[in-house]
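Each chain, written out:
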Amino acid sequence: MNLFALLDQAAARHGGRGAVYHGERQVHTFAQLRERALRLATGIGELGRGARIAVASENSPEIVELMFAIWAAECLVVPINYKLHPREMEQILDDSGASLVFASPKIGAQLSASTSVTIEIIGEDGYRSRCAAATAGTPRHTDPASLAWLFYTSGTTGRSKGAMLSHRNLMAMTVSHLADFDSPDQNCSLIHGAPMSHGSGLYIPPYIARAARQVVPASGAFEPPEFLDLCEHHPGCSAFLAPTMVARLVQTGRARPANLNRIVYGGGPMYVDSLKKAMGAFGPIFVQLYGQGEAPMTITGLRQSDHVANQVAGDGWAPDSVLGSVGYARSGVDVAVLGTDGEPAGIGEIGEIVCRGDVVMSGYWNNPEATAATLQDGWLHTGDMGSFDEHGFLTLRDRSKDVVISGGSNIYPREVEEALLEHSGVVEAGVVGAHDEEWGEIVVAFIVGEVSAADLDAHLLDRIARFKRPKRYEFVDELPKNSYGKVLKRELRARLG
């Protein structure tokens, strides 16, 4: 089992159809994509099976061919988010032991002064010669347990860790997506608005499997007007977007393009109020996923139909209890919530979310201690807190480390944030705990918006228990976020002194 087989089969069935686009311009047919990937694989294969090959670039068409080339050579792709600081990129290169890094001109220039790893610039003469001169090889049979991708976590709590994902893991992810969420065909398109190094890139395999287009914005980034224009041009468009990106689409005020069929959102909390605004603007085109790099994109989810009350007529939003959840267990995955005693929690009881299945990583690269702490008795311990309702819907509460314990009571920041965001004057909210001599911890809310502390107190009085209300408000211009749009709670806590 080698993921290259997905491209092999697509090229056999649809060789003359467009496979990769840069903006509106066709770059490769499926036959051309297969040929270029195999030519690249010839040179990459000289580094030996299992070599780690990094890709550090803004979103670009070459990322697609490089992924399949690396897999055809039985090597590991190590995608690096182009928004990271060069020091963070260097840490990933060092940790992975990468033999080679394919980089964009901009990132290559940044890395050249800080790393000894060989850098090849995507799109320049050496790269073009590599694609044209090498003899196209034959993809090899691969043990399904062989590693295919080192997925470096976003590092919201510190140093990134490399989740080891095998061909079996990524094939299970691919099959689950096609079974649960989407049925693309050769008349569909995947628009890469989010970074291809992570969320959006993980959808390359299922869309290649169905011979759908890979569309990379000409800007190489997410620009809402450009994204919506591309959805007008290409057929049957879908995309994976972070919640912050969905909010930016809504803020354009533009109507939903006729060709925009589906937006999969995940990678951070989508608050109910924000989701309703998005559905009001674009209709019931949304799919939610909950996953981690350790179980890529595949723990629980909500289908499009789950977002509406009348699934036959497709009108009326689902109850807040559903929209505020992360759905139910995905195909091929067992999901449980464990109490502090390690036993399954009851309905409505909060505990740590764990999962198991073919999608779960084999461990962290060169980090046996973290692997042992995260993988126990076949279960991936996510570090997220949540609870099931009687219908099997899972609601996330928070990361276990973010729970505020005040006066012996657990307070879940997400619940407080949801309530704060219902106030029209609040643009963003981030809630953390601060040390307190009397209570152990108190709730502190960082607020972006035009509103007073007194207004917020009055607003919350009708929405959450009194003991959950913030004891202190900090009004800021913006919340600190990492390169994936996740709020950095550790930086908020650091500001408390």
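Residues numbered from 1 in each chain as written. Predicted model: local features only at pLDDT ≥ 70, side-chain atom pairs only at ≥ 80, totals over all residues. Heavy atoms only, no water.

## Thoughts on the overall build of the chain
The helix and strand inventory of the chain stands at 16 helices and 27 strands. Its C-alpha radius of gyration of 23 Å places the chain within 12% of the 23 Å reference for a compact globule of 497 residues. With the C-alpha coordinates of the chain rotated into their principal frame, the extents come out at 70 × 50 × 40 Å. With 497 residues in all, the chain has 56% of them scored as buried. Taking the intrachain contacts of the chain between residues at least 6 apart in sequence as the baseline, contacts between residues at least 24 apart amount to 65%. Taken as a whole, the chain presents about 19,700 Å² of accessible surface, with 48% of it coming from carbon and sulfur. (Helix = DSSP H or I, 4+ residues; strand = E, 2+ residues; numbered from the N terminus. Rg over C-alpha atoms; globule rule 2.2 N^0.38 Å. Buried < 20%, exposed > 50% of the residue type's maximum accessible area, 1.4 Å probe, protein only. Contact = heavy atoms within 4.5 Å. Areas by Shrake-Rupley, 256 points an atom, 1.4 Å probe, with all protein chains shown as cover.)

## Thoughts on the sheet that holds strand E26 (residues 440-449)
Strand order in the open sheet formed by three strands is E25-E26-E27, with mixed pairing between adjacent strands. Two strands in the sheet have a free side with no partner beyond their single neighbour: strand E25 (426-436) and strand E27 (472-475). Averaged over all neighbouring strand pairs, the angle between strand axes comes to 25 degrees, with direction disregarded. Here four bridges tie E26 to E27, and the two strands are oriented parallel to one another. Paired with Val-444 across the bridge in E27 is Arg-472. Contacting E25, E26 and E27, helix H14 (residues 413-421) crosses the sheet at an angle of about 145 degrees to E25. (Pairing = 2+ DSSP bridges. Axes fitted to C-alpha atoms, helices over the stretch in contact; angles between N-to-C directions.)

## Some details on the pattern of salt bridges
Enumeration according to the criterion identifies 18 salt bridges in this entry. Of the charged contacts in the structure, one is a salt bridge between Arg-262 and Asp-182, with a shortest N-O distance of 2.5 Å. Highlighted residues: Arg-262 in strand E12 (residues 260-265) and Asp-182 in the loop between helix H7 (167-180) and strand E9 (189-191), separated in sequence by 80 residues. Among the residues examined, Arg-262 registers a relative accessible area of 16% and is labelled buried. By relative accessible area, which is 4% here, Asp-182 ends up buried. Across the pair Asp-320 and Lys-276 runs a salt bridge, and its minimum N-O distance is 2.7 Å. Residue Asp-320 is located in helix H12 (residues 320-323), and its partner Lys-276 is located in helix H11 (residues 272-282); the two are separated by 44 residues in the primary sequence. Take Asp-320: its relative accessible area is 41%, and that puts it in the partly exposed class. (Salt bridge = Lys/Arg side-chain N within 4 Å of Asp/Glu carboxyl O.)

## Things to note about the side chain of Asn-2
Relative to the helices and strands, Asn-2 is located in the segment before helix H1 (4-14). Residue Asn-2 is classed as buried on the basis of its relative accessible area, which comes to 7%. In terms of polar contacts, Asn-2 uses its side chain to reach the backbone amide nitrogen of Phe-4, at 2.8 Å. Polar side-chain contacts of Asn-2 include one of 2.9 Å to the backbone oxygen of Trp-71. With residues near it in sequence (within four places) discarded, Asn-2 still touches Trp-71, Ala-72, Glu-74, Arg-140, Thr-142 and His-167. (Polar contact = N/O pair within 3.5 Å; in protein donor to acceptor, adjacent residues only side chain to side chain.)

## Quick look at the pairing of E12
The element E12 is extensively covered by neighbouring structure, given that five of its six residues are classed as buried. Bridge analysis of strand E11 (residues 237-241) against E12 gives five bridges, and the strand direction is parallel. Of the residues in E12, the one forming a bridge with Phe-240 is Val-264. Regarding topology, helix H10 (residues 243-251) serves as the crossover connection from E11 to the parallel E12, and that connection is right-handed. Note: E12 against strand E13 (residues 286-292), three bridges, orientation parallel. Across the sheet, the residue bridging to Tyr-265 is Gln-288, located in E13. (Right-handed = clockwise from strand over helix to strand, strands pointing away.)

Without other data, these values stay purely geometric and don't point to any function.
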